[in-house]
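# Remarks on the overall topology
Listed below are the residues making up each chain.
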Protein chains: 2
Amino acid sequence: MEKVLVFGHKNPDTDSVCSAIAYAELKKELGMNAEPVRLGEVNGETRYVLDYFKMDVPRLVTNVTEETEKVILVDHNERQQSADDIHKAKILEVIDHHRIANFETADPLYYRAEPVGCTATIIKKIYKENNIPLKKEIAGLLLSAIISDSLLFKSPTCTDEDVQAAKELADIAGVDLENFGMAMLKAGANVSEKSGEEMISLDAKQFQIGDFRIEIAQINTVDPNDVLEKQGEIEKAMEEKIAEKELDLFLFVITDILNSTSVGLTLGKEQEVVEQAFNHPIENNRIPLKGVVSRKKQVVPVLTNLFEQKSR
Amino acid sequence: MEKVLVFGHKNPDTDSVCSAIAYAELKKELGMNAEPVRLGEVNGETRYVLDYFKMDVPRLVTNVTEETEKVILVDHNERQQSADDIHKAKILEVIDHHRIANFETADPLYYRAEPVGCTATIIKKIYKENNIPLKKEIAGLLLSAIISDSLLFKSPTCTDEDVQAAKELADIAGVDLENFGMAMLKAGANVSEKSGEEMISLDAKQFQIGDFRIEIAQINTVDPNDVLEKQGEIEKAMEEKIAEKELDLFLFVITDILNSTSVGLTLGKEQEVVEQAFNHPIENNRIPLKGVVSRKKQVVPVLTNLFEQKSR
């Protein structure tokens, strides 16, 4: 039986890695020759989670179609966030919770997107629909993904369904939700040993909106000043990405997980769109993003609207 | 509460009309102010079905955003098959069974596509997931949609899930599947009073593939000669569409529902791609399409591949 690779987006976060593992496991139970893989390095938070539940790190793959034609995408759909050779693959399924864009298939497929806070919440539901019991460690991974994406339920992307799913998963996994959640987030928010380049690459996503190419990176921290003290080094890394990928804008969102707010660092010739979007002047390339913790809900839509207007 | 319009594709077929009615009904039961509408004239088959189950014909709407911002799409996703002003609408949900293309949103949404033969099969499942009992007449509409899309289970798009759903729905609706199904298909296959323009417009879909714009129309008949005797009139109507919409290819698929096969009538400067696709010379603009009954599975993918190659 031909192998099917299951993977999340580039610069994988905890949802992309854990949902890939959990969904591949479900498909294996249903008789598919599925293997979870990843498109990039796992971050500190994800490593903490995999260690905690004693799970292997999925294999790194860059060109998926060198191994198989068939793939399943979790936690993303946009071409530029997927494998470089995704256009050559046959996409059997997509399980996601993002907007749909830059996505096209020649054939019908199973596509399941729901406007919830985390892919893992949907995967938990699909386990139930198929009457497959959740193993303890798989429940732990799905729980971790929800905590990560929702910043322990503080993100505006978090829905009642995510909270309810997390509670049930914590019971199955046998962990204390609050204690485990905070320990996990702090493990991911340790920026002390990271270079500027690492900080802006850890969780970066590229978007094509009309005529514009933008990249929005995000980092979680317990104190934004730990990041901002390396501003010079970070900006140098951002300049390099802008030149290399011909970006019109780079926005780096530094999120304070204790106070649920962010500060932005931005460069590129469309910098002024960020001022418009958040209605505040940029000073020293910085802009306060008060109450912003969700790239998907509080950053992407407002920038999408402005760049679409500019493209008309 | 703001109204939400629920609709299928332009040139609606039985699945597009009946799935819109059934899904709007489900959303109403769940507390949404949903109304089913249609983007074009209902065909003879659909009219037979609505009469049989004593249901009203949904209201015709052309510009959906004149009434509301919020919409739900059933049985389609591609922009050019949807309302003309779909780019201005906020798409809350999509329930579909086609490939995904020319579709983009600014925000996350509920998107449910499954590679089954009919949207109605998915909607039946969503009723169950929400524990909403199916009313007799709604079951009848969903059943009709499955019979229509699967040509009474003869189409290669038909899955076991469609057959199983149809059997359960026939029980709830209280009809004999075979007798009702054949009567319904024959009601739709009566072409005697149709003009050439009507025949090619009844179930026409436009596709943008790379640099090429193509239209594929389909008609069901109990005898293809009933259609082909009007070849001159039909070709005149096809020429007009090609000029009006600047099409590179028009393919009209005339399907023999009794023998589960088709003959194609084709015009346009990319005519030769049809020869390549079906490996048979075109004579007098006609090409045999042996065993073809499904546009989605047996026509669109092969033309998509060839036109994508030509666009590279």
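Calculation rules
Residues numbered from 1 in each chain as written. Chains lettered and ligands numbered in written order. Predicted model: local features only at pLDDT ≥ 70, side-chain atom pairs only at ≥ 80, totals over all residues. Heavy atoms only, no water. Least-squares fit on C-alpha atoms with pLDDT ≥ 70 in both. Contact = heavy atoms within 4.5 Å. Pairing = 2+ DSSP bridges. Helix = DSSP H or I, 4+ residues; strand = E, 2+ residues; numbered from the N terminus. Axes fitted to C-alpha atoms, helices over the stretch in contact; angles between N-to-C directions. Salt bridge = Lys/Arg side-chain N within 4 Å of Asp/Glu carboxyl O. Buried < 20%, exposed > 50% of the residue type's maximum accessible area, 1.4 Å probe, protein only. Polar contact = N/O pair within 3.5 Å; in protein donor to acceptor, adjacent residues only side chain to side chain. Phe/Tyr/Trp six-rings, centres within 6.5 Å; stacked < 30°, edge-to-face > 60°. UniProt positions renumbered as here; feature names shortened; annotations may be inferred.

### Quick look at the relation of the copies chain B and chain A
Between chain B and chain A, the superposition needs a rotation of 180 degrees and an axial shift of 0.0 Å, giving an RMSD of 0.0 Å. One copy is carried onto the other by what is essentially a two-fold rotation axis. Considering only C-alpha atoms, the residue of chain B closest to the rotation axis is Arg112(B), which sits at 2.5 Å. By residue overlap, the copies meet face to face through one surface: 100% of the interface positions of chain B are interface positions in chain A.

### Describing the sheet that holds strand β9 (residues 249-256) of chain B
All names here are of chain B. As summarised here, the arrangement of the five strands in space is β7-β8-β9-β10-β11, forming an open sheet in which the pairing is mixed. Here the strands that pair on one side only, and so sit at the sheet edges, are β7 (204-209) and β11 (286-289). With strand direction ignored, the average angle separating the axes of adjacent strands in the sheet is 25 degrees. Where β9 and strand β10 (residues 261-267) come together, seven bridges link them in antiparallel fashion. Counted as the bridge partner of Val 253 is Gly 264 from β10. Relative to β11, helix α10 (residues 271-278) is tilted by about 25 degrees, and along the sheet it contacts β9, β10 and β11.

### Let's talk about the pattern of salt bridges
Considering all chains together, one arrives at 46 salt bridges over all chains under this definition. Residue Arg59(B) pairs with Glu35(B) through a salt bridge whose shortest N-O separation is 2.9 Å. Here Arg59(B) is found in strand β3 (residues 59-60), whereas its partner Glu35(B) is found in strand β2 (residues 34-38), with 24 residues between them in sequence. Take Arg59(B): its relative accessible area is 34%, and that puts it in the partly exposed class. Ionic pairing is found between Arg59(B) and Glu67(B), a salt bridge with its closest N-O pair at 2.8 Å. One connected set of salt bridges, linked through shared partners, spans Arg112(A), Glu114(A), Lys125(A), Glu129(A) and Glu161(A).

### A word on the sheet that holds strand β11 (residues 286-289) of chain A
Residue and element names in this part refer to chain A. A sheet is described by the order of its strands in space; here five strands give the open sequence β7-β8-β9-β10-β11, paired in mixed fashion. If you trace the sheet from one side to the other, it starts and ends with β7 (204-209) and β11, each paired once. Ignoring which end each strand starts from, the neighbouring axes of this sheet average 25 degrees apart. Sheet analysis places strand β10 (residues 261-267) next to β11, joined by four bridges and oriented antiparallel. Residue Val 263 lies in a different strand from β11, and its bridge partner there is Pro 288. In the packing of helix α11 (residues 295-311) onto the sheet, contacts are made with β7, β8 (212-221) and β9 (249-256), and the angle to β8 comes to roughly 165 degrees.

### Remarks on helix α11 (residues 295-311) of chain B
Residues and elements named next belong to chain B. All of the buried residues along α11 are Arg 295, Lys 296, Val 299, Val 300, Pro 301, Leu 303, Thr 304, Leu 306 and Phe 307. Lining the buried residues of α11 we find β7, β8 (212-221), β9 and α10. Capping of α11 at its N-terminal end is provided by Ser 294; its side-chain oxygen lies 3.4 Å from the backbone amide nitrogen of Lys 296.

### Structural notes on the packing of aromatic side chains
Residue and element names in this part refer to chain A. Going through the model one piece at a time under the given rule, you end up with 15 aromatic pairs over all chains. Taking the centre distance of 5.5 Å and the plane angle of 65 degrees together, the rings of Phe 53 and Phe 180 count as edge-to-face. Of the two residues, Phe 53 sits in the loop between α2 (44-52) and β3 (59-60) while Phe 180 sits in helix α6 (residues 177-188), which places them 127 residues apart along the sequence. Taken as a pair, Phe 53 and Phe 180 share a single burial class, namely buried. A ring pair is formed by Phe 103 and Tyr 111, whose centres lie 5.4 Å apart and whose planes are at 75 degrees; its orientation type is edge-to-face. For the pair shown, Phe 103 and Tyr 111 are each scored as buried. Ring-pair connections join several aromatic residues into one group, and the members of that group are Tyr 48, Tyr 52, Phe 53 and Phe 180.

### Details of the UniProt feature "binding site: Mn(2+) 2" (unreviewed entry) in chain A
As annotated in UniProt, the feature "binding site: Mn(2+) 2" (unreviewed entry) corresponds to Asp15(A), Asp75(A), His97(A) and Asp149(A) in the numbering used here. Over a stretch of 135 residues, the named residues converge on one spot in the fold, their C-alpha atoms separated by at most 10.8 Å. Accessibility expressed as a relative area gives 0% for Asp15(A), which makes it buried. Not counting chain neighbours up to four residues away, the residues in contact with Asp15(A) comprise Ala20(A), Asp75(A), His97(A), Cys118(A), Thr119(A), Ala120(A), Ala145(A) and Asp149(A). Tracing the chain through its elements places His97(A) in the loop between β5 (90-96) and β6 (110-113). Classification of His97(A) by relative accessible area gives buried; the value is 3%. Setting aside residues up to four positions removed in sequence, His97(A) forms contacts with Asp15(A), Asp75(A), Glu114(A), Val116(A), Gly117(A), Cys118(A), Thr119(A), Ile122(A), Asp149(A), Lys296(A) and Pro108(B). In this structure the side chain of His97(A) is engaged in a polar contact, spanning 3.1 Å, whose partner is the side chain of Asp75(A).

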